[in-house]
Amino acid sequence: MSWIILVLSGVLEAVWATALGKSEGLTRFGPAAVFFAALAASMAGLAYAMRELPVGTSYAVWVGIGAVLTVVYAMVTGQEPLSVLKVLFLAMIVGGVIGLKLVH
């Protein structure tokens with residue numbers, strides 16, 4: 001169960017990171033509200049997962065998932081250019097996350 005919560009918390013990290021960017025310095029209410037809600041839920045999930053999983057593994061998985069999804073969203077929406085090398089390096093992060101799950 002901790003792994004499922006950790007993955008969902010990583011997804012929420014991408015949500016709050018994206019919302020923070022769209023909030024224009026927390027001056028737009030809607031994105032700012034999404035930022036704070038997703039941040040709280042993401043942190044709570046990370047804390048829950050850390051009750052059973054090592055801190056280093058939990059944090060690496062949480063950040064990896066959040067970072068990859070944030071960049072993928074930006075590339076899909078045209079906010080960031082897509083390149084073969086970016087996709088390769090993002091795939092390496094995903095591989096690292098999967099590897100951490102396999103060795104735990």
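Structure first, text after, so check above.
What comes next is a walk through the structure. (Residues numbered from 1 in each chain as written. Predicted model: local features only at pLDDT ≥ 70, side-chain atom pairs only at ≥ 80, totals over all residues. Heavy atoms only, no water.)

Section: the overall build of the chain
Then, in step 1: Helix and strand counts for the chain come out as four helices and zero strands.
Then, in step 2: Secondary structure elements in the chain, listed N-terminal to C-terminal, are α-α-α-α.
Then, in step 3: Relative to its length of 104 residues, the chain is compact, with a C-alpha radius of gyration of 14 Å against a globular reference of 13 Å.
Then, in step 4: Projected onto the principal axes, the alpha-carbon positions of the chain cover approximately 40 × 35 × 15 Å. (Helix = DSSP H or I, 4+ residues; strand = E, 2+ residues; numbered from the N terminus. Rg over C-alpha atoms; globule rule 2.2 N^0.38 Å.)

Notes on the packing of helix α3 (residues 55-76) against helix α4 (residues 84-103)
Then, in step 1: Two elements in contact, α3 and α4, have axes separated by 9 Å at closest approach and are oriented at 150 degrees. Put simply, α3 runs roughly antiparallel to α4. Where α3 crosses over α4, the handedness of that crossing is left-handed. In this structure, α3 contributes Thr57, Ala60, Val61, Gly64, Ile65, Val68, Val71, Val72 and Met75 to the contact, and α4 contributes Lys86, Leu90, Ile93, Val94, Val97 and Leu100.
Then, in step 2: Of the residues assigned to the contact of α3 with α4, the class counts are 12 nonpolar, two polar and one charged. (Axes fitted to C-alpha atoms, helices over the stretch in contact; angles between N-to-C directions. Parallel < 35°, antiparallel > 145°, perpendicular 65-115°, else oblique. Left-handed = near helix turned anticlockwise from the far one by under 90°. Contact = heavy atoms within 4.5 Å. Nonpolar A, V, L, I, M, F, W, Y, C, P; charged D, E, K, R; others polar.)

Comments concerning a nonpolar patch on the surface
Then, in step 1: A surface patch of nonpolar side chains, about 320 Å² in accessible area, is lined by Val7, Val11, Val15, Val34 and Leu69.
Then, in step 2: Turning to its location among the elements, Leu69 is positioned in helix α3.
Then, in step 3: Among the residues examined, Leu69 registers a relative accessible area of 34% and is labelled partly exposed. (Patch = residues over 30% accessible without salt bridge, like charges linked within 9 Å, V, L, I, M, F, W, Y side chains within 5 Å. Areas by Shrake-Rupley, 256 points an atom, 1.4 Å probe, with all protein chains shown as cover. Salt bridge = Lys/Arg side-chain N within 4 Å of Asp/Glu carboxyl O. Buried < 20%, exposed > 50% of the residue type's maximum accessible area, 1.4 Å probe, protein only.)

Concerning the side chain of Ser2
Then, in step 1: Here Ser2 shows up in helix α1 (residues 2-22).
Then, in step 2: Among the residues examined, Ser2 registers a relative accessible area of 3% and is labelled buried.
Then, in step 3: For Ser2, the side chain forms a polar contact with the side chain of Glu52, separated by 3.1 Å.
Then, in step 4: Dropping the residues within four chain positions of it, Ser2 is found in contact with Tyr48, Ala49, Glu52 and Leu53. (Polar contact = N/O pair within 3.5 Å; in protein donor to acceptor, adjacent residues only side chain to side chain.)

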